[in-house]
Amino acid sequence: MVFGGIHCLGWNFLFRRHADQILWRVASLGMALAPLYGFLFLVINVSLEMLPSRYKRLFDGIKIPDLLTLILACFDISLGCISALIYIPARVTLVVLMILSLRSLPPGVYDTVAWTKFIPHL
């Protein structure tokens, strides 16, 4: 979440087109929020480990734990897929936008720096 949050710092940066700015904002939010699905994925995995042993004591002989485990496992897999389907396109979008931003650099980028003024040498 911190990595995606860092990209949200560029929320009000100047972009060449308004569409680029909207894409940056959506992709940054996607990268910041996708780990929440991953966290839910982790919580459900831990609960799957603990759930059958708890229900075996309550329902001796009833097959409820198997059905509940199956439902939680399907939900768990779908959360992992949703997280990946949000994070990967958001990351690719940000990389493409960063590369595209190189096409419209300010003129000062091409100035030659006289390093001898800034770095003392013998």
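Coordinates for the structure precede this section.
Some words on the overall build of the chain
- Helix and strand counts for the chain stand at four helices and zero strands.
- Across the chain, helices and strands are ordered from the amino to the carboxyl terminus as α-α-α-α.
- Residue burial in the chain is summarised as follows: out of 122 residues, 19% are buried.
- Counted over contacts in the chain with a minimum sequence separation of 6, partners at least 24 positions apart contribute 73%.
- Accessible surface for the chain amounts to roughly 9300 Å². Of this, 74% is attributable to carbon and sulfur atoms.

Topic: a nonpolar patch on the surface
- Residues Met1, Trp11, Leu29, Leu33 and Leu36 make up a contiguous nonpolar surface patch of roughly 460 Å² in combined accessible area.
- Here Met1 lies in the segment before helix 1 (2-7).
- Met1 sits in the exposed class, given a relative accessible area of 54%.

A look at the nonpolar core
- Formed by Trp24, Ala27, Met31, Ala90, Leu94 and Leu97, the largest nonpolar core amounts to six residues.
- At the level of elements, helix 2 (18-58) and helix 3 (64-100) are the ones that each hand at least two residues to this core.

Topic: the side chain of Ser28
- Along the chain, the position of Ser28 falls in helix 2.
- Using a relative accessible area of 0% as the deciding quantity, one classes Ser28 as buried.
- Ignoring any residue separated from it by four or fewer positions in sequence, one finds Ser28 in contact with Gly4, His7, Cys8 and Leu94.

As for the layout of surface pockets
- Reported here for the largest pocket is a volume of approximately 190 Å³.
- Considering the residues around the largest pocket, the lining is formed by Phe13, Leu14, Phe15, Arg16, Asp20, Trp24, Leu97, Met98, Leu100, Ser101, Arg103 and Ser104.
- When residues of the lining of the largest pocket are traced back to their parent elements, those giving at least two are helix 2 and helix 3.
- If one sorts the elements of the lining of the largest pocket by residue count, helix 3 sits on top with three residues.

Description of the packing of aromatic side chains
- If you walk through the whole model with that rule in mind, you get one aromatic pair.
- For the pair Phe15 and Trp24, a centre-to-centre distance of 5.8 Å together with 45 degrees between the ring planes defines the contact as tilted.
- On the basis of relative accessible area, Phe15 is assigned to the partly exposed category, the value being 25%.

Here's the deal with the pattern of salt bridges
- For the structure on display, the rule yields two salt bridges.
- Between Asp20 and Arg103 there is a salt bridge whose closest N-O contact spans 3.9 Å. With a gap of 83 residues between them, Asp20 in helix 2 and Arg103 in the loop between helix 3 and helix 4 (115-118) connect regions that are remote in the sequence.
- Linked through salt bridges whose partners overlap, the residues forming this network are Arg17, Asp20 and Arg103.

Cut-offs and rules
Residues numbered from 1 in each chain as written. Predicted model: local features only at pLDDT ≥ 70, side-chain atom pairs only at ≥ 80, totals over all residues. Heavy atoms only, no water. Helix = DSSP H or I, 4+ residues; strand = E, 2+ residues; numbered from the N terminus. Buried < 20%, exposed > 50% of the residue type's maximum accessible area, 1.4 Å probe, protein only. Contact = heavy atoms within 4.5 Å. Areas by Shrake-Rupley, 256 points an atom, 1.4 Å probe, with all protein chains shown as cover. Patch = residues over 30% accessible without salt bridge, like charges linked within 9 Å, V, L, I, M, F, W, Y side chains within 5 Å. Salt bridge = Lys/Arg side-chain N within 4 Å of Asp/Glu carboxyl O. Core = buried A, V, L, I, M, F, W, Y, C linked by side-chain atoms within 4.5 Å. 1 Å grid on protein atoms, 1.4 Å probe; cavity = no way out; pocket = protein on both sides within 12 Å on 5 of 7 lines; lining within 4 Å. Points joined across faces, edges and corners; volume = space filled by probe spheres on them. Phe/Tyr/Trp six-rings, centres within 6.5 Å; stacked < 30°, edge-to-face > 60°.

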